[in-house]
Structure formats: structure tokens, C-alpha cells
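Listed below, chain by chain, are the residues.
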Amino acid sequence: HREPTNGRFLMEDPEAPESEASDAINLRSWVIVDNTKAINKTMHRLREKDPQDKRKGGMASSARGASLTGSKIALPKYGKPMSHPCATTVESISPQSPAAKNEILRTKGSLVLRRIGQKAAAPIAPVEGSPDAREEDSLFRDMFEGGDSTYMNRTTSDASRDAPSKKNGAGSNSNTDGDALALLMHLKNSGTAGSADASDDEKLEINLRAWIQDNMPCDGCSSKMMRPYTAKALPIAVKLAELFEHSDGKSSLPQSCEEVTVHFISSNVANVSMPNGLSRSINVVSNEGERLAHMGRLLYELFLGIPPPLLSGRVGALVDGLSLKSHSNAIHKPRKVTSRMRNSSSSCLETGGVNSQATSHLEMSGLPYSLCSFLRNLLDCSSGDFRTDESYQSFKDARFDLNLMKDDPDVFLEDVQVTKGGLELKMRDKIYGRAELVSEIEQCLEDNIKRGVLVSGSAGVGKTTLLTSVMLNAAARSGSYFFQTKFEQSKNANPLANVASVFDCLCRSFLEDASERQLQAVADELTSALGVHVALILNIVPGLSKILPFTSTEISSAQCVDVARTVAYSFCKLLKIVCAHSAPIILMFDDIQWADANSMAIISELILDASEDCNTFFVCLYRSDDICKDSLFSGWINRIEETCPVQPIKIDNLTPFCVNEMVSEMLQTFPRITRPLSSILFAKSRGNPLFLRQLFDSLRQQGFIHIRFSPPKWEWDIDKIVDIEIPTSIMTLIIAELGTLPLPLQNSLRIISCLGSNIKCVPTFDIISRSIGIDMTDSMKELAHRGFVILEKGMMRFIHDKVQESAYQTLDDKGRRKNHMQFGLALLPSGAVDGRIVDDEMFFLALNQINTAGPGMLESVEERSVVAQLNLAAGNRSAALSDLGAALGFFKNGILFLPSDKWSRYYASTLELFTALVETAHLLKHADDVTDYSKEVVANAQKYEDKMRCLHVVVMTVRDKGMFVESVKLAFEVLVKSNERIPREIGDGKLAAELTMMVTALDGMSDDFIMSLPDSPQGDLDIRVMNIYNALAFVLNEINPMQIPDMALRMMEITLKNGLCSMSSLAFVFFAGCVSSLGHNALGYRLSKLSFRLIDRTNGHQHYPAVAMIAGSTVDWKVEPLMSVAETHLLGSTKGNQVGDIVYTEQNLLMYNTNLFLCGKNLNFVRGQFLAAAGKLYKNKQKLALHQASAKARAAVDFIGGVDSRDYGRESPFEPPTWNALGDDPQMKGALDAPFVYFSLHYKRSMLLTRDFSDLPSNGLLARIASRKKTMRIIFAVGVFYEGLSSFFLARRHSHQHCEVGMRALDFISMYSQANPYTFENKHLLLKAMLQQLSNSPEAGATFLASISSARQNEFIVEEGLACEMASYYFFSRGDADKSHTLKRHAAICYNEWGGLAVARRVDAEIRDIFGGDRLDNNEIIVERSRSNGNINPKKRQQA
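Residues numbered from 1 in each chain as written. Predicted model: local features only at pLDDT ≥ 70, side-chain atom pairs only at ≥ 80, totals over all residues. Heavy atoms only, no water.

1. Observations concerning the overall build of the protein chain
Part 1 of the reasoning: The helix and strand inventory of the protein chain stands at 65 helices and 17 strands.
Part 2 of the reasoning: Taken across its 1440 residues, the protein chain has 55% of its residues classed as buried.
Part 3 of the reasoning: The long-range fraction of contacts in the protein chain, counting pairs at least 24 apart against all pairs at least 6 apart in sequence, stands at 72%.
Part 4 of the reasoning: Within the structure as shown, the protein chain displays about 62000 Å² of accessible surface, and the carbon and sulfur contribution to it stands at 50%. (Helix = DSSP H or I, 4+ residues; strand = E, 2+ residues; numbered from the N terminus. Buried < 20%, exposed > 50% of the residue type's maximum accessible area, 1.4 Å probe, protein only. Contact = heavy atoms within 4.5 Å. Areas by Shrake-Rupley, 256 points an atom, 1.4 Å probe, with all protein chains shown as cover.)

2. Some points on the packing of aromatic side chains
Part 1 of the reasoning: Evaluated as defined, the whole model comprises 30 aromatic pairs.
Part 2 of the reasoning: When the ring of Trp1219 is compared with that of Tyr1238, the centres are 4.7 Å apart and the planes differ by 20°; the resulting orientation is stacked. With a gap of 19 residues between them, Trp1219 in helix α54 (residues 1219-1223) and Tyr1238 in helix α55 (residues 1234-1250) connect regions that are remote in the sequence. The exposure classification of Trp1219 matches that of Tyr1238, with both residues buried. (Phe/Tyr/Trp six-rings, centres within 6.5 Å; stacked < 30°, edge-to-face > 60°.)

3. Looking at the pattern of salt bridges
Part 1 of the reasoning: Applying the stated criterion across every chain, the model contains 58 salt bridges.
Part 2 of the reasoning: Residues Lys1089 and Asp1116 are paired through a salt bridge, measuring 3.7 Å at the closest nitrogen-oxygen approach. Of this pair, Lys1089 sits in helix α48 (residues 1081-1098) while Asp1116 sits in the loop between α49 (1104-1114) and α50 (1122-1139), and the two are 27 residues apart along the sequence.
Part 3 of the reasoning: Residue Lys1089 is classed as partly exposed on the basis of its relative accessible area, which comes to 29%.
Part 4 of the reasoning: Its relative accessible area of 0% is what places Asp1116 among the buried residues.
Part 5 of the reasoning: Put simply, Glu1215 and Arg1206 hold a salt bridge, and the shortest N to O gap is 2.4 Å. (Salt bridge = Lys/Arg side-chain N within 4 Å of Asp/Glu carboxyl O.)

4. Focus: α48
Part 1 of the reasoning: With 18 residues, α48 extends 25 Å between its outermost C-alpha atoms, agreeing within 8% with the 26 Å of an ideal straight helix rising 1.5 Å per residue.
Part 2 of the reasoning: Considering bend angle alone, the principal kink of α48 is centred on Phe1092 and spans about 25°.
Part 3 of the reasoning: All buried positions along α48 are accounted for by Leu1083, Gly1084, Leu1087, Ser1088, Leu1090, Ser1091, Phe1092, Leu1094, Ile1095 and Thr1098.
Part 4 of the reasoning: Lining the buried residues of α48 we find α43 (989-1003), α44 (1007-1011), α47 (1064-1077), α49 and α50. (Expected span 1.5 Å × (residues − 1). Bend = angle between axes of the 7 residues up to and from the residue.)

5. Quick look at unusual backbone geometry
Part 1 of the reasoning: The phi torsion at Arg686 lies on the positive side, around 60°, for a residue other than glycine.
Part 2 of the reasoning: Tracing the backbone through its elements, the reader meets Arg686 in the loop between α26 (671-685) and α27 (689-701).
Part 3 of the reasoning: Residue Asp1204 is not a glycine yet carries a positive backbone phi of 50°.

6. Quick look at the packing of helix α34 (residues 813-831) against helix α35 (residues 840-853)
Part 1 of the reasoning: Orientation of α34 relative to α35, taken along the N-to-C sense of each, is 155°, at an axis distance of 7 Å. Classified by the angle between their axes, α34 and α35 sit roughly antiparallel to one another. Handedness of the α34/α35 crossing: left-handed. In this structure, α34 contributes Arg817, Asn819, His820, Met821, Phe823, Gly824, Leu825, Leu827, Leu828, Ser830 and Gly831 to the contact, and α35 contributes Met842, Phe843, Leu845, Ala846, Gln849, Ile850, Thr852 and Ala853.
Part 2 of the reasoning: Its residues assigned to classes, the contact of α34 with α35 comprises eleven nonpolar, seven polar and one charged. (Axes fitted to C-alpha atoms, helices over the stretch in contact; angles between N-to-C directions. Parallel < 35°, antiparallel > 145°, perpendicular 65-115°, else oblique. Left-handed = near helix turned anticlockwise from the far one by under 90°. Nonpolar A, V, L, I, M, F, W, Y, C, P; charged D, E, K, R; others polar.)

7. Digging into the sheet that holds strand β15 (residues 795-798)
Part 1 of the reasoning: Strand order in the open sheet made by the three strands is β13-β15-β14, with antiparallel pairing throughout. With partners counted over all chains shown, the strands left at the sheet margins are β13 (758-760) and β14 (789-792), one partner each. Strand-to-strand twist in this sheet, taken as the mean axis angle between neighbours without regard to direction, amounts to 20°.
Part 2 of the reasoning: Pairing of β14 with β15, which is carried by four bridges, proceeds in the antiparallel orientation. Bridging across to β15, Val789 finds its partner in Phe798.
Part 3 of the reasoning: Against the sheet, helix α31 (residues 761-772) engages β13, β14 and β15, with an angle of about 85° to β13. (Pairing = 2+ DSSP bridges.)

8. A word on the sheet that holds strand β6 (residues 452-457)
Part 1 of the reasoning: Spatially, β7-β8-β9-β6-β10 is the arrangement adopted by the five strands of the open sheet, whose pairing is parallel. For this open sheet the edge positions go to β7 (481-486) and β10 (646-650), each flanked by a neighbour on one side alone. The mean angle between the axes of side-by-side strands here comes to 15°, regardless of whether they run parallel or antiparallel.
Part 2 of the reasoning: Across six bridges, the pairing between β6 and strand β9 (residues 616-623) is parallel. Across the sheet, the residue bridging to Leu454 is Cys620, located in β9.
Part 3 of the reasoning: Packing of helix α19 (residues 497-513) onto the sheet brings it into contact with β7 and β8 (585-590), and relative to β7 it is tilted by some 160°.

9. Considerations on the nonpolar core
Part 1 of the reasoning: Counting residues in each nonpolar core, the largest one holds 324 residues, and the members touching the most others are Phe571, Ile752 and Phe1071.
Part 2 of the reasoning: Considering every element that reaches this core, the biggest residue donor is helix α57 (residues 1274-1293), with 13 residues.
Part 3 of the reasoning: Judged by nonpolar contacts, the second largest core, of 53 residues, contains Leu204, Met226, Leu240 and Ala293. (Core = buried A, V, L, I, M, F, W, Y, C linked by side-chain atoms within 4.5 Å.)

10. With respect to helix α36 (residues 861-880)
Each α-helix winds once per 3.6 residues, and so residues spaced three or four apart point in a common direction.
Part 1 of the reasoning: In this model α36 runs 29 Å from its N-terminal to its C-terminal C-alpha over 20 residues, within 8% of the 28 Å that 1.5 Å per residue would give.
Part 2 of the reasoning: For α36, the full list of buried residues reads Ser865, Val867, Ala868, Leu870, Asn871, Leu872, Ala874, Gly875, Ser878 and Ala879.
Part 3 of the reasoning: Among the structural elements, α22 (563-580), α34, α35, α37 (884-897) and α39 (907-923) are those in contact with the buried residues of α36.
Part 4 of the reasoning: Between the side-chain oxygen of the N-cap and the backbone nitrogen of Glu862 there are 3.3 Å, and the N-cap of α36 in question is Ser860. (Polar contact = N/O pair within 3.5 Å; in protein donor to acceptor, adjacent residues only side chain to side chain.)

11. What about the pairing of β9?
Part 1 of the reasoning: β9 sits mainly inside the fold: eight of its eight residues count as buried.
Part 2 of the reasoning: Relative to β9, β8 is paired through five bridges, and the arrangement is parallel. When the sheet's bridge partners are listed, Leu587 is paired in β9 with Phe618.

12. Here's the deal with the environment of Asn1316
Part 1 of the reasoning: Its place among the elements puts Asn1316 in the loop between α58 (1299-1315) and α59 (1317-1334).
Part 2 of the reasoning: With residues up to four places along the chain from it excluded, the contact list for Asn1316 reads Trp1117, Lys1118, Val1119, Glu1120, Pro1121 and Glu1321.
Part 3 of the reasoning: In terms of polar contacts, Asn1316 uses its side chain to reach the backbone carbonyl oxygen of Trp1117, at 2.8 Å.

13. Re the packing of α26 against α27
The description of two packed helices rests on the angle between their axes and on the distance between the axes.
Part 1 of the reasoning: Contact geometry of α26 with α27 gives a least axis separation of 10 Å together with a crossing angle of 120°. Compared by their axis directions, α26 and α27 come out oblique. Here the hand of the crossing between α26 and α27 comes out right-handed. Here Leu681, Lys684 and Ser685 of α26 come into contact with α27, specifically with Phe691, Leu692, Leu695, Phe696 and Leu699.

Encoded structure:
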């Protein structure tokens, strides 16, 4: 046993005499160490026993293998060794098997091996006959192929160790190999070696010394050879450290690895222990330092394969029973001593109190430096007061360092690598100290309610790194799309570039992954949702053209009321539609505090529009230290947090612990060693990761942190680092660091900092290089190598925008302006040719450079005028791309570049710039800009026509402020100066004649004739005039509707005289409403339908929402079924979103819901719609429409929950005032529509719910409408119906004094019933029946039933229930209680199906009062239905 045992796979008892070889083999435990070696060695021994037999191909006989004589053994096909060997033991093959499991087998020779948790192997059966070579081949293949390789070890007793070694002769080999073959055959038969059904979680106990012996490499001391062994030994070392840590100082401790047992489970180290009943006594070590050194000696033996040399002085006194003799008797693999070991000194490892020989062995061991240092520091713990500062103080620290080497070997185990380029400090791609934040973000991702996170933190805190890492991992797990973009402070990019880039990537990725069916579905849905305005989004997102090959992209922003809203709506629809057919989508917007207002508006709309079924998640990152309290972005953040389902998350600086973790990993040094350094760095950097990184680089460059070679190790001068003065801000530190760069690199950084933080390398750098005469390529590569910039995918970006800001700050103002102008003029030819934009990106980059430089950098007036023209083109292009904020900036810059005599010298371009600025400012609601710049236009315009566009904007601006009288006055002034007349009021004799003539003329014109009218040759002038009339119409409807007919007449005269223009559809629909109010319903309805056709004829798509609103609310309801009118308003709302007309979008949607409400459609749905509309109007501060929406919402809520109910269904965005509060609102005192809507609903509410008529106005609704000459609306007409019904109801119960009001209402409804029986026939019949009842007419009953039938036929369920109620009273008064009860029950069913639970409860109470509880059918009455929150089946209502 003194000779090396490497290469062996079977161990036999050396004391067994030759004559007892067979028994000795049988009475031993055998160990298979390696599959391949086992096969090779076995076959080699069989072949080499007898040279003659080998030549003959036979096998010599032996005492044990006589039966195998003459048989041929075929060479096996060796199986591949497995990468994860499973430790498997083979028990002693004895004629008598152990009686129980887990028994230690001791035989002659005292070989000990345990098998845990399995039955003992059966005795080997006698071998009879010679197995065929093919069977033997199969035997070996079955044993060693397909299963886990067999890996076994053994323990030996002192007796076997101390026995002298003896070489085996030929006979011994024969016996051994014969029994080896028998053993392998037995392993196959018993299923214990390489069997496929062996347990995967088999438990083994192995002696540590034997484990070292069989795993320690024998060839040299290279680190490459030692690396695999070190990785295997570290888990055992960790368990040894735990054993020592948990000892109390009084427990016995092992003196050598021989006295340690390692427990394996499925080849994984489970535990280590000391076997009971050891032959020698073991000293108890109570001092913790001594116990640490004691553990160090065991780990030294574990990793080096030999015990440490005897230490002198205090160290020698600690080993007590551990003598040199015992070391020499231990079985180990002697290490080959090389000349390198003999000649080495202790210069590389500080020896401290550690024996120099032990230090030398560590240096030459091939172990990593960190492990050598670890062992040295452990051994040094026995030096008492003389030990070094780095020696261990506790087992906890030692175990922690061991775990670091085991779990993160690349950082804490492997040596520091030095390349040809030197050594740079590199941060790991790791998130430090953010586990809780990661968990919170992941919870938001899994939350079905949260649609995103709003992440804030100071600059350099690691927002981008953290969120990018988390979202990439989340996308990988869920198969989601993940796209991100970063906004720049310089805003050099073209408008909407960031948002467009995200959607462009989304479209291209979806195109690659989607099927043809999915692509077609997305194309169809987008075309339906966006109509012709899909062309706008196609211009912004080029990737969409592959999905939606739209043939026509020729649509201008002039066909939109607000192009920014159109584009925002288009983005929302695009995202929702693609998301419905794709994997989940994650969108990340970084540094959103630098985003323009339009991009922020689009992002907020995207988040708001992301409903619960939209599988999209948004990530918005912004700097909390770059926000002013009253800034635009601050307001945006507040609105997002209030209205959008996003989770605010704040990222703070790192804690001292996390800083130490990061520092230790950067320096590849244990955290306990770097803790003093990291404490200083934390105090100086405040835990900011970017600040810390820059501080590290600065200290490295100054030599305060340096590398020590042989072996490489990071060191630092902590005293100098403490004394160094650190700048208080990141930017100051970066600027100081930039000052250490070579001058050419500093200049290169200053140059590229002027271009922004993210730059396309080609052709930008090529152009700049030619402009300044310096090749930027090499400089960029060097800056990238030094870590200032990143070059990837043809782009250059700064490592952080603070680096770009710092480099930019090193330039003085003059130098910046000079660079900007030089770069802008150099880049301009690549973006525009002859004033025509050829490349958006290069054009906007160049022009932004020129604008930043300012007009003062151009001396030539002609050059300035050219730049002004370019700004006009850029503003128009920005407006077309919906970035109105950028457009406004370009228009203002263009005006700045014009000279002081601009109105005389450059009149045309000056007028166009000012006019475009005023129109853009109006869309942005910048009233001050509208006022200031329009004044200059009015003062300097050469012709009045040149002022018209600005004056129209001024009228609109004053109107939007709510200053109606002022806006009408201003509009009249404009009309007069434009040679137009001021609209006359109804009653003017001349006006009446002209209206009659126009009606006659239109009656004589066919639809085809009107559609074939030519286009107006003065279309622009006609549009300007009719724009003024259109603005007037909105105001006149509120303050003086009597002037609207003349206004409509004038618009028709212009159209028929001059020809068609884009405003012609409005002219026709206005006049349709006019003639309809005069009683010409047929002509009005015809003109209404023509107006829709004229929209396509004149490309006036921007007017569709207005046409739908006017047609539906003034004309169509008098002729069409009410649900058809509702659909017109719904389409108008959709078109309003498409063209960006927020006013008519909301009005159409409100009218759609109003018509649903009047038709008696699902009240729960209508309630939610009214509340949402009111909430939106409240948020937008649109007071004029808010009162009407609030009144409708309050009525719907009360019909469901009762008077002043707070039952708003699910969470409501708005809480409407009580009914009485609405009646006291100041809006009720004006001449607007609000009081008429309120009283219309008041009559309905009183009749259906409260039956309280005490607070009704003395002068009725119909009288009020006539006195105010209000344009009749459908809700007013229904209100008149309920007014008449209430009057007849009161007249029946009290006296006939109310009949007069009811009769006027009957006449009114009768007129509309003739024109539109779908809507008004049932109402007319019910009022007629009520009058007949008051007159005691015998026809009343039949009329009541006819009203019920008409309401049911036209699907007015509320009025069906109401007619049943009134008929019930009638039949009850006639003594027919059964019929009365049936009708009353049916009324409750109708109200319940409508959703008016409170109304149905009132009817139910009346049934109880009149008929008693025994007549109540609990299966049909509302009380039972309301408990189950269901609705009555319509079939049951019809049966009733």
C-alpha cells in the first residue's frame, strides 16, 4: 500500500495468503471506482495472465475460475462514462449474507464499507460452464452502458494500513482476476452495479481519507489539474466548517481526514461526521482560535492531500496527539516535489505565523490564490496575538468565504486574470441589493389589474439596468415581446421617433412570428378601426406596411381636427389589436422625463386604454432629481398615478452591505477583507452605483487601487483613499475624470456630446469627421475601450447620459454654439435637398443643431431666411407626425431667424410661419401665444383674407374659454369685414322668403345633381368664411338659436353658388336641421343623408363627427327608429376618435348613451357609460356638458338604487351630485340646454320612481322650450311626453285642472307620431288612453292595450311597463282586480328586465298594498330577482 494506487479499480487484502486467494476475495468488500478503468483493467488482466493463453485467445485456469478454462472472452464495447457518477457500494460477497441492512461488514483484513438503505447482496452463485463470448460482451455492456457509472470507495483499518506491501505473482493475479470477473458477473446478477433500476437517491458513507486518495490528481501540481478536484472538495469543506462551527468547544474534534466520514445522497455531499468508537482518544479544543486552526489543518489535508507540516512554537503545542508518525501512517497520495517547490520562497504568500514549509506547499499546490490565502488565514488563527489582520475571527466568516468559493468560483475562487491589455475593473452583470424590488415588480407583472410600473430614482441609481434585467427575464419565461426606448434630453431625434421605434419593432417581430391568418385578422381590424386615417400611422410606423399594405397613404393632417389625438388613438388601436393576436407585450420607456408632451400624451393614452383583457405591461422610468414641482412632467406623473392602474416604485441608493458585496466582487476579494474599503466608498458615493463606478475608475487611475502580480491580486491604500477629496456630485467627478484623458480623446468626447447621447455611427461620424478634418473611428474605439461609450449595432451611445452631460459641460457657450452650427450645416445636405426633406432623421438632427446654435452664428440674412424656411418645413412635418409641441418650437425658431424687417422683406414666409404658429398654439391650448402672434398678423397682413385663418382661431380660442358673447361679437366683426352679413333671426320677413326659395330650389334638385356639383374655384376662401359660421353655430345654439337658420342658409348659398368644398357637408346638415324645425321633415331627412355622402365627395372626413351629431340630434330622430339614430351617434364617436375631434367624440358618445337610455336598454350598462362620460368631462373641465351628463348619470343611478343612491356598480370614476344639488346648480339659471335636460329627466323620474310632483315647475317644459325657441331634441320630446303623462295622472287623482298641459303634450306627441311611429306611436296612444280615461270613454281600455302592444313591438320596455301600470289603475277603477293585478305584475317584470330595480320595488310595494302579500308571485317580482342579480327572461314577460 506504500506504492501509488492510482489507476486501480479493485482493492484486495494484501495479507491473504496465495492458497486462500479465493476465500480472501470472497471475504472482502470490493470497490469499483471507474467504469472505463474497470472494463479496461479487467480485460487487460484476463489477457495478460498467460502469454501463451493470450496468443491462443484462451484463458488460464485458476482455483476460483477453473470452470472458465478454455473459454474465449470477447472484448466488450465500452460504454461512455457518465458525467455525474452515482456512488454505489458493493457488499462483501460472502456465502452468508448480512442479516440486516445498514450493518458494517468486517471480514478478514478489516475492510469496512457500508451500504445504506438497500438489501445485502446475495451470495454469488457457482459458475458452471463457460459463458459464450457474446454473453460476456452483453454482460459488460449491460453493466456499464445506459446507467449511472459506478463510483465506490472503501475504508481500511489500522491493521491493513500497517501491513507490509507485497507484490502479487502470476498466480495471485490469476486468482484476483478470476474473482474480479466473478465479482462483475455477480454485480450484474444482483443489480448493484450500473443497473438501470438502481435508486437515484442512494445513500453512502465514505471515509474522507479514502475519498481524497481516489480523487486527488497525481500528475503534477498545475492549477488546471487541481481545478476539478477543488470543485469537488469545496462542498465537503463547507460541511466540515459547519461541523466545527456547531461544536461547543467541549466536543471532540477529528484530528485528520481519516477520522471523518462523508455522507453522500445521489453523489451530493449531505453531511460529514466522526464515526463512533474510534480507537484513539481525541483531544478537546476549547479556544475558538485554536479550533479555527484545527479546522484549517483538516482543510489543508483535504485540499493538498497531505497534512500540514508540524508548526513551531504555539502551533506545535496545539496538535497534541497528532504526531508525525500518525501522519506518515496515513494513506495519502504523495505529491511529487518539483524543483519549483524547492526553489520557491514565501514572497507570494505572507507567512505570518504559519510554518514556511506549509506556505511553500500552498504556493506550489496549484490551488487558486484565494483558497491558499483562506487556508493560510485559518492556520494563522493559532498564532494568538501575533496573527495577521486577515486571519479569521469566527467560524461564521470562514464558512461564509467557503460558500462564496463554492457558489461563485469565477469571482472568489479563480485567480485574477491579466490580459495583454492590462487589467480593468469590471462590474458584473448582476443586480445588487434589489431582491425586494425585483419581487415587487414581478408581482405587478402577475397582477391582472396593474398595467405597469412607474419607476423613479436619482441619476445613476440603476433603474435601467434593474428593469431591463427583470423584464428580459420575465419575457423569456412567458414568451412575451419586450421592447424599450430611451428619451434624450437634447431632443435631436425626429418627432415621435421613440414611440414609433417601439411600435416599429413590435410590428416587425409580429410579422415574423404570426401566421397568415393572424396577419389578415390584424389588417382587417385595423382598417375597420382607423378607416382612411390608417395612412397616418403608416407614415409614422414603417414596419406596419408589411402587415397592412394600404394602397393610399395620401391623407393630410388637414383632414384631422387634432392630428395628435388621431395619432394617439391610432397607436392605442394598433397596440390593442396586435396584442389580441400575439404573445404578451412589455413596453419600456426610459428617461421619460425628457419626452415631449405629445409622446407623454400617447403613452398615457396607451396605459389608460389597456383594459384588463389587454395583455400589455408598461414600464416608465424617470429621474426623480430632474423634476420641477410645477413642471409639465410633474403634472403628467400626478395624472398617471391618479388615473392609470400603475404601481409607483422608488429605487434608492445601495446600502453599505450591498456596496461591500459589489466592491468585493469587483476586486475578487472576500467581503470581510473589503469591508473597511467599502465603508469609505459608501460614505463618499452615498451608495450611488454610477458614482461608485466612476469613483473606482478614478481611484484605479490614480493608483490607489492597484494590481499586485505573482499571483495577481487587487490591493489598495486605504489611508490615502480616506484622505482623498471626492467631488459631491457625479457630474463633477466625471468632469474631473475626463480631464485625465489624452487631449484628442477629450476633444472627441466634446464633439460627440453635442450630437446627443445616442448617435448613428454611419453616416453621422463620417460627415462630422470630414467636417472637422479628424477621423473619429479610432477615437470612438478607444473611448469604448475606456468605458465612456458603447458601440453596438452601428450605434454609439454614452455609458450613461451623465457622461454626455459632463462632457458637454466642459465646453464654453461659444464653443458649444460653434460646434452646433458647424455640425448642423455639415449634416443638412444629407437630410434636405432644395428645401425638400429626404431623410427625416438626418434633417431633424441637422436643424436642431442649427437652432441650438441660434441665429447669432449666421451673419448672412439670406442664410437666416433659408433656415427660417427649413423651420417652417420642419414644423409642418412635425405637425403631420402629430408632434405639435415640436412643430410650435420649429415655427418659433423660424421666426427668430427672420430679420426685423421680415414683413416687408419676406412677407409670404413670415405670414405662413405666424399663421401656422397661431393654429398650432390653439390646438395646444396656448391661448397667450394665440393672442400675441395673431395680433401681429392682424397688424401686418396686407389683405384681409390673409387674416382670416388667424381670426378664425381667435374666435375658437375665445369660445373655448367660455366667453360666448365675446366670441360672437368677434365673429360678427370678421364676417362684416369679409363682406358677409350678420345672421338674422327667425321672424324676419325677408329671411322667411329666402328660406322658402331655398327649400323650393332644393326640392327641385336631385341627389345626383347635388353630388355632381363642381368644386369651388375659391375653396380656401369659402372654407375660411364657413369656418367662422361653423364656430358661430356652436355658440348660437346656446345663446340665440333663432339666428342659426339664416347662418345655415348663407352656408348653403355659398355652396350652391361657388361649388363644393370640404365644408359643404356641414352646410347641408345645418340646413337640414333648419328645414326640419320648420316642419319639412322629409326634405330635412334627405339633406341629412346627402351630407354624409358629401363627406367622401369633398374629402371632408374631419367633419364626420359634427355631421353625425347634428344630423342625429336635430333631424334623424324625427324619422328613424331611435336605435338607428343611436348607431349614427356611435359611428360619429368612432370617427371623432379617428380625426381627433374630442368635442364631438364625447357629444356623440353621450347622445348614443342617451338614446339607449330612452329606448330602455340595459340600465346597468347605461349607468356605467354615463358615469364614465361625466368623469371624463369633469377631468377635462368641460362644464357646459358636465351638468347634462351628471343629470343623466344621477337619474340612472336612482332608477337602480333609489333616490340619491350611491350604487355606482363597480368602482366609479365620478360621483354625481344629488338630484336637488343638480337643480340648484348655477348652470340651471342660464339659457343653455342644461335646464331643459334636467326637467325632462325630472318628469320621467317623478313618474317612474318618486311619484312626487310637488316640485315641478309652474310653467311646463313645453312652454319653456317654446319661449326660449330651443331647437327640439329627442330628450326634450320624451320629457314633454312624461310631462303630459304626469299631468293626466294628477288630473285623475285630484282634479281636471292639469288636463290642459296634458292635452298640449298630446298634440305635440301626435305630430311626431305621424312622422315617426317607431318612436312616438306608443307614447301617443298612452296619452290618448289617459285622456279617454279622464273622459270616461269606453275606448280607454282598448287604447291602453294598444299602447302596451306598440311599446312591445318597438322594444320600448320602460314604456311597456308604464303603460301596464296606467292600464292597471284603469281596470282596478273599473272593478277588474284580476286584470289589474296581472298588468301590475307585468309592469314589475318590465322594470326589472330594464334594470330599474328601485322602480320595480315601488311597483311591488303597491301590489302588496292593493292586493295583499298572498297575490305576490315571488318567482316574478323584483325582490326575488334582485337578490340573484339576474333579469327576467323576455319570454316570461311576453307570456305574462
